Amino acid sequence: MTDDQRAGQVARLLSAYDEQLRGGSESADVPTSTDGPVIRVEYPQRGFVSYRSLEGLDGAEVDALIARQRDYFAAKGQPVEWKLRGHDLPADLPDRLRAAGFEPEDQETVLIAESADIVDRLAGRDAVDGVTIRLVTDRADFERIAAMESTVWGEDWSWLTDDLVRRHATGLTDIYVAEADGVVVSAAWAVYKENTEFTGLWGGSTLAEWRGKGIYKALVAVRAARAVAQGYKYLHVDASDDSSPILQRLGFLAVTTTTPYVHTP
(Lines give C-alpha, C1' and ligand atoms only; values in the text may rest on other atoms or scores of the structure.)
Protein backbone atom coordinates (compact mmCIF):
# COMPACT_ATOMS: atom_id res chain seq x y z
CA MET A 1 0.00 0.00 0.00
CA THR A 2 1.45 3.37 -1.02
CA ASP A 3 1.37 6.36 1.33
CA ASP A 4 -1.44 7.93 -0.72
CA GLN A 5 -3.45 4.71 -0.67
CA ARG A 6 -2.93 4.39 3.06
CA ALA A 7 -4.01 8.00 3.64
CA GLY A 8 -7.11 7.44 1.52
CA GLN A 9 -8.00 4.28 3.42
CA VAL A 10 -7.52 6.01 6.78
CA ALA A 11 -9.80 8.87 5.62
CA ARG A 12 -12.50 6.40 4.55
CA LEU A 13 -12.31 4.49 7.80
CA LEU A 14 -12.42 7.67 9.89
CA SER A 15 -15.48 8.87 7.98
CA ALA A 16 -17.26 5.56 8.64
CA TYR A 17 -16.22 5.74 12.31
CA ASP A 18 -17.58 9.26 12.78
CA GLU A 19 -20.81 8.46 10.93
CA GLN A 20 -21.59 5.12 12.51
CA LEU A 21 -19.95 4.92 15.94
CA ARG A 22 -20.46 8.37 17.39
CA GLY A 23 -23.58 9.90 18.87
CA GLY A 24 -26.50 7.57 19.42
CA SER A 25 -24.61 4.33 18.84
CA GLU A 26 -22.49 5.04 21.94
CA SER A 27 -25.55 5.10 24.15
CA ALA A 28 -27.53 1.96 23.31
CA ASP A 29 -29.55 0.43 26.19
CA VAL A 30 -28.69 3.26 28.60
CA PRO A 31 -30.89 6.22 29.62
CA THR A 32 -29.97 9.40 27.74
CA SER A 33 -30.93 13.02 27.32
CA THR A 34 -29.83 15.58 24.77
CA ASP A 35 -28.43 19.09 24.90
CA GLY A 36 -27.95 20.56 21.45
CA PRO A 37 -25.41 18.39 19.60
CA VAL A 38 -24.47 16.26 22.61
CA ILE A 39 -26.05 13.16 24.06
CA ARG A 40 -25.79 12.74 27.81
CA VAL A 41 -25.48 9.06 28.64
CA GLU A 42 -26.56 8.32 32.19
CA TYR A 43 -24.76 5.27 33.53
CA PRO A 44 -25.58 4.35 37.16
CA GLN A 45 -22.34 5.72 38.62
CA ARG A 46 -20.93 7.99 35.94
CA GLY A 47 -22.08 10.23 33.13
CA PHE A 48 -20.76 10.16 29.58
CA VAL A 49 -20.92 12.83 26.88
CA SER A 50 -21.15 11.77 23.23
CA TYR A 51 -21.47 13.75 20.01
CA ARG A 52 -20.54 13.60 16.35
CA SER A 53 -19.57 17.21 15.82
CA LEU A 54 -19.67 20.62 17.49
CA GLU A 55 -19.61 22.34 14.11
CA GLY A 56 -21.40 25.69 14.04
CA LEU A 57 -20.81 26.57 17.69
CA ASP A 58 -18.60 29.53 18.56
CA GLY A 59 -16.16 29.53 21.49
CA ALA A 60 -18.58 30.93 24.05
CA GLU A 61 -21.25 28.42 23.02
CA VAL A 62 -18.79 25.55 23.36
CA ASP A 63 -17.77 26.73 26.83
CA ALA A 64 -21.41 26.97 27.90
CA LEU A 65 -22.14 23.50 26.50
CA ILE A 66 -19.22 22.01 28.45
CA ALA A 67 -20.27 23.75 31.65
CA ARG A 68 -23.86 22.49 31.35
CA GLN A 69 -22.73 18.86 31.10
CA ARG A 70 -20.39 19.28 34.06
CA ASP A 71 -23.10 20.91 36.17
CA TYR A 72 -25.82 18.45 35.14
CA PHE A 73 -23.91 15.47 36.52
CA ALA A 74 -22.39 17.39 39.43
CA ALA A 75 -25.94 18.10 40.60
CA LYS A 76 -26.41 14.31 40.75
CA GLY A 77 -23.13 13.90 42.62
CA GLN A 78 -21.58 12.03 39.70
CA PRO A 79 -18.38 12.35 37.68
CA VAL A 80 -18.79 12.73 33.93
CA GLU A 81 -16.55 11.71 31.03
CA TRP A 82 -16.27 13.84 27.90
CA LYS A 83 -14.78 11.55 25.26
CA LEU A 84 -12.51 13.68 23.08
CA ARG A 85 -11.23 12.47 19.73
CA GLY A 86 -7.96 13.74 18.34
CA HIS A 87 -9.57 15.24 15.24
CA ASP A 88 -12.41 17.01 17.08
CA LEU A 89 -12.95 20.71 16.56
CA PRO A 90 -12.44 23.34 17.78
CA ALA A 91 -8.72 22.60 18.03
CA ASP A 92 -8.55 24.22 21.47
CA LEU A 93 -11.27 21.94 22.88
CA PRO A 94 -8.79 20.25 25.27
CA ASP A 95 -7.92 23.65 26.77
CA ARG A 96 -11.60 24.52 27.12
CA LEU A 97 -12.30 21.22 28.89
CA ARG A 98 -9.43 21.78 31.31
CA ALA A 99 -10.64 25.31 32.01
CA ALA A 100 -14.02 23.83 32.97
CA GLY A 101 -12.39 21.44 35.44
CA PHE A 102 -12.09 18.32 33.29
CA GLU A 103 -8.87 16.31 33.65
CA PRO A 104 -7.47 14.06 30.89
CA GLU A 105 -6.95 10.37 31.48
CA ASP A 106 -4.79 8.05 29.37
CA GLN A 107 -4.97 8.58 25.62
CA GLU A 108 -5.76 5.58 23.42
CA THR A 109 -5.44 5.05 19.68
CA VAL A 110 -8.52 4.32 17.58
CA LEU A 111 -7.69 1.40 15.30
CA ILE A 112 -9.88 -0.02 12.53
CA ALA A 113 -9.51 -2.94 10.13
CA GLU A 114 -11.70 -4.89 7.76
CA SER A 115 -12.85 -8.07 9.50
CA ALA A 116 -12.20 -10.33 6.50
CA ASP A 117 -8.67 -8.97 6.11
CA ILE A 118 -7.82 -9.82 9.72
CA VAL A 119 -9.26 -13.31 9.29
CA ASP A 120 -6.96 -13.82 6.30
CA ARG A 121 -3.91 -12.41 8.08
CA LEU A 122 -4.49 -14.58 11.15
CA ALA A 123 -5.36 -17.80 9.34
CA GLY A 124 -4.17 -20.67 11.52
CA ARG A 125 -3.48 -18.39 14.49
CA ASP A 126 -6.82 -18.96 16.27
CA ALA A 127 -5.47 -21.65 18.61
CA VAL A 128 -2.64 -21.90 21.14
CA ASP A 129 -1.12 -25.15 22.42
CA GLY A 130 -2.28 -25.94 25.94
CA VAL A 131 -4.97 -23.24 25.87
CA THR A 132 -8.70 -23.64 25.28
CA ILE A 133 -10.67 -20.68 23.93
CA ARG A 134 -14.41 -20.88 24.41
CA LEU A 135 -17.52 -18.74 24.27
CA VAL A 136 -19.05 -18.24 27.74
CA THR A 137 -22.53 -17.22 28.82
CA ASP A 138 -22.78 -17.97 32.55
CA ARG A 139 -22.36 -15.56 35.43
CA ALA A 140 -19.88 -17.93 37.07
CA ASP A 141 -17.56 -17.51 34.09
CA PHE A 142 -18.02 -13.74 34.15
CA GLU A 143 -16.96 -13.80 37.81
CA ARG A 144 -13.83 -15.76 36.85
CA ILE A 145 -13.04 -13.15 34.19
CA ALA A 146 -13.44 -10.35 36.74
CA ALA A 147 -11.10 -12.18 39.14
CA MET A 148 -8.49 -12.57 36.38
CA GLU A 149 -8.75 -8.87 35.50
CA SER A 150 -8.34 -7.98 39.18
CA THR A 151 -5.09 -9.96 39.23
CA VAL A 152 -3.81 -8.39 36.00
CA TRP A 153 -4.52 -4.82 37.09
CA GLY A 154 -3.87 -5.19 40.82
CA GLU A 155 -7.21 -3.65 41.79
CA ASP A 156 -10.81 -4.70 42.38
CA TRP A 157 -12.54 -5.42 39.09
CA SER A 158 -15.51 -7.22 40.61
CA TRP A 159 -17.78 -4.65 38.96
CA LEU A 160 -16.96 -6.27 35.63
CA THR A 161 -19.17 -9.26 36.46
CA ASP A 162 -22.39 -7.25 36.35
CA ASP A 163 -21.14 -5.33 33.31
CA LEU A 164 -20.61 -8.58 31.38
CA VAL A 165 -24.01 -9.88 32.53
CA ARG A 166 -25.59 -6.71 31.13
CA ARG A 167 -23.64 -6.92 27.88
CA HIS A 168 -24.53 -10.58 27.37
CA ALA A 169 -28.22 -9.87 28.00
CA THR A 170 -28.34 -7.47 25.04
CA GLY A 171 -27.58 -10.32 22.63
CA LEU A 172 -24.97 -8.11 20.99
CA THR A 173 -21.86 -9.25 22.84
CA ASP A 174 -19.86 -12.48 22.55
CA ILE A 175 -17.58 -13.14 25.52
CA TYR A 176 -14.60 -15.49 25.32
CA VAL A 177 -12.21 -16.96 27.85
CA ALA A 178 -8.83 -18.54 27.27
CA GLU A 179 -8.18 -21.29 29.81
CA ALA A 180 -5.17 -23.41 30.73
CA ASP A 181 -5.67 -26.33 33.11
CA GLY A 182 -9.04 -24.89 34.05
CA VAL A 183 -7.65 -21.46 34.93
CA VAL A 184 -8.78 -18.33 33.08
CA VAL A 185 -5.56 -16.81 31.72
CA SER A 186 -7.12 -14.27 29.35
CA ALA A 187 -10.52 -13.01 28.23
CA ALA A 188 -11.96 -10.77 25.56
CA TRP A 189 -15.32 -9.82 24.12
CA ALA A 190 -16.78 -8.63 20.84
CA VAL A 191 -19.51 -5.98 20.87
CA TYR A 192 -21.66 -5.86 17.74
CA LYS A 193 -22.86 -2.33 17.10
CA GLU A 194 -26.43 -2.66 15.93
CA ASN A 195 -27.32 -0.79 12.72
CA THR A 196 -23.64 -0.27 11.92
CA GLU A 197 -20.92 -2.20 10.10
CA PHE A 198 -18.70 -2.31 13.21
CA THR A 199 -17.71 -4.84 15.83
CA GLY A 200 -15.84 -3.45 18.83
CA LEU A 201 -13.06 -5.56 20.33
CA TRP A 202 -12.75 -5.24 24.10
CA GLY A 203 -10.67 -6.90 26.79
CA GLY A 204 -7.68 -9.05 25.91
CA SER A 205 -5.90 -8.73 29.25
CA THR A 206 -3.69 -11.75 29.93
CA LEU A 207 -2.01 -13.04 33.09
CA ALA A 208 1.65 -12.04 33.05
CA GLU A 209 3.04 -15.57 32.88
CA TRP A 210 0.91 -16.34 29.80
CA ARG A 211 1.87 -13.34 27.68
CA GLY A 212 3.89 -13.70 24.51
CA LYS A 213 2.36 -17.07 23.61
CA GLY A 214 -0.09 -15.86 20.96
CA ILE A 215 -3.23 -15.83 23.12
CA TYR A 216 -4.08 -12.20 22.38
CA LYS A 217 -3.77 -12.80 18.62
CA ALA A 218 -5.85 -15.97 18.87
CA LEU A 219 -8.64 -14.06 20.60
CA VAL A 220 -8.51 -11.41 17.86
CA ALA A 221 -8.68 -14.14 15.20
CA VAL A 222 -11.66 -15.86 16.83
CA ARG A 223 -13.59 -12.62 17.19
CA ALA A 224 -12.75 -11.47 13.66
CA ALA A 225 -14.09 -14.73 12.24
CA ARG A 226 -17.24 -14.36 14.30
CA ALA A 227 -17.69 -10.77 13.08
CA VAL A 228 -17.44 -11.93 9.45
CA ALA A 229 -20.00 -14.66 10.13
CA GLN A 230 -22.33 -12.08 11.68
CA GLY A 231 -21.97 -9.78 8.67
CA TYR A 232 -19.93 -6.99 10.28
CA LYS A 233 -17.43 -5.41 7.89
CA TYR A 234 -15.13 -3.57 10.31
CA LEU A 235 -13.32 -4.23 13.57
CA HIS A 236 -12.73 -1.31 15.93
CA VAL A 237 -10.44 -1.01 18.95
CA ASP A 238 -9.63 1.78 21.39
CA ALA A 239 -6.10 0.52 21.92
CA SER A 240 -3.68 1.12 24.76
CA ASP A 241 -0.03 1.82 24.07
CA ASP A 242 0.63 -1.87 24.79
CA SER A 243 -1.97 -3.22 22.34
CA SER A 244 -1.66 -0.64 19.56
CA PRO A 245 1.68 -1.83 18.08
CA ILE A 246 0.51 -5.45 18.09
CA LEU A 247 -2.72 -4.64 16.30
CA GLN A 248 -1.06 -2.35 13.76
CA ARG A 249 1.33 -5.17 12.87
CA LEU A 250 -1.75 -7.31 12.23
CA GLY A 251 -3.11 -4.78 9.75
CA PHE A 252 -5.20 -2.39 11.84
CA LEU A 253 -4.89 1.27 10.85
CA ALA A 254 -4.70 4.17 13.31
CA VAL A 255 -7.37 6.72 12.36
CA THR A 256 -7.46 9.06 15.38
CA THR A 257 -6.97 9.12 19.15
CA THR A 258 -9.44 9.15 22.00
CA THR A 259 -8.90 10.73 25.41
CA PRO A 260 -11.37 10.67 28.33
CA TYR A 261 -11.68 14.08 29.96
CA VAL A 262 -13.28 13.55 33.36
CA HIS A 263 -14.85 15.98 35.82
CA THR A 264 -15.33 14.74 39.36
CA PRO A 265 -17.54 16.89 41.59
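Residues numbered from 1 in each chain as written. Predicted model: local features only at pLDDT ≥ 70, side-chain atom pairs only at ≥ 80, totals over all residues. Heavy atoms only, no water.

1. Quick look at the overall build of the protein
Then, in step 1: Helix and strand counts for the protein come out as eight helices and twelve strands.
Then, in step 2: Over its C-alpha atoms the protein spans a radius of gyration of 19 Å, differing by no more than 12% from the 18 Å that the globule rule assigns to 265 residues.
Then, in step 3: Dimensions of the protein along its principal axes, counting C-alpha atoms only, are 60 × 45 × 30 Å.
Then, in step 4: Excluding contacts between residues fewer than 6 apart, the proportion of contacts in the protein whose partners are at least 24 apart in sequence is 70%.
Then, in step 5: Entry remark: accessible area of the protein is about 12,900 Å², with carbon and sulfur atoms responsible for 48%.
Then, in step 6: For the protein, the centre of its 28 positive side-chain charges and the centre of its 43 negative side-chain charges are spaced 2 Å apart. (Helix = DSSP H or I, 4+ residues; strand = E, 2+ residues; numbered from the N terminus. Rg over C-alpha atoms; globule rule 2.2 N^0.38 Å. Contact = heavy atoms within 4.5 Å. Areas by Shrake-Rupley, 256 points an atom, 1.4 Å probe, with all protein chains shown as cover. Lys, Arg positive; Asp, Glu negative; His and termini not counted. Charge placed at Lys NZ, Arg CZ, Asp CG, Glu CD.)

2. Topic: the environment of Val136
Then, in step 1: Looking at the secondary structure, you find Val136 in strand β7 (residues 132-136).
Then, in step 2: A sequence separation of 39 residues divides Val136 from Ile175, and the C-alpha atoms of the two residues are 5.8 Å apart.
Then, in step 3: Here Val136 is in contact with Asp141, Phe142, Ile145, Ile175 and Val177, once residues within four sequence places are set aside.

3. Overview of the side chain of Arg85
Then, in step 1: For Arg85, the position within the fold is in strand β4 (residues 80-85).
Then, in step 2: Since its relative accessible area comes to 3%, Arg85 is described here as buried.
Then, in step 3: Within the structure, the side chain of Arg85 is placed 2.9 Å from the side chain of Tyr17, a separation counted as a polar contact.
Then, in step 4: Once residues within four sequence positions are removed from consideration, Arg85 is found in contact with Tyr17, Arg22, Glu26, Thr256, Thr257 and Thr258. (Buried < 20%, exposed > 50% of the residue type's maximum accessible area, 1.4 Å probe, protein only. Polar contact = N/O pair within 3.5 Å; in protein donor to acceptor, adjacent residues only side chain to side chain.)

4. Considerations on the pairing of strand β1 (residues 32-35)
Then, in step 1: Residues Ser33 and Asp35 line the buried face of β1, whereas the alternating positions Thr32 and Thr34 sit on a face that is not buried.
Then, in step 2: In the sheet, β1 pairs with strand β2 (residues 38-42) via four bridges, with the strands oriented antiparallel. Considered in β2, the bridge of Thr32 is made with Val41.
Then, in step 3: Following β1, the chain reverses through two residues before pairing antiparallel with β2; Gly36 in that reversal takes a positive phi of roughly 60 degrees. (Pairing = 2+ DSSP bridges.)

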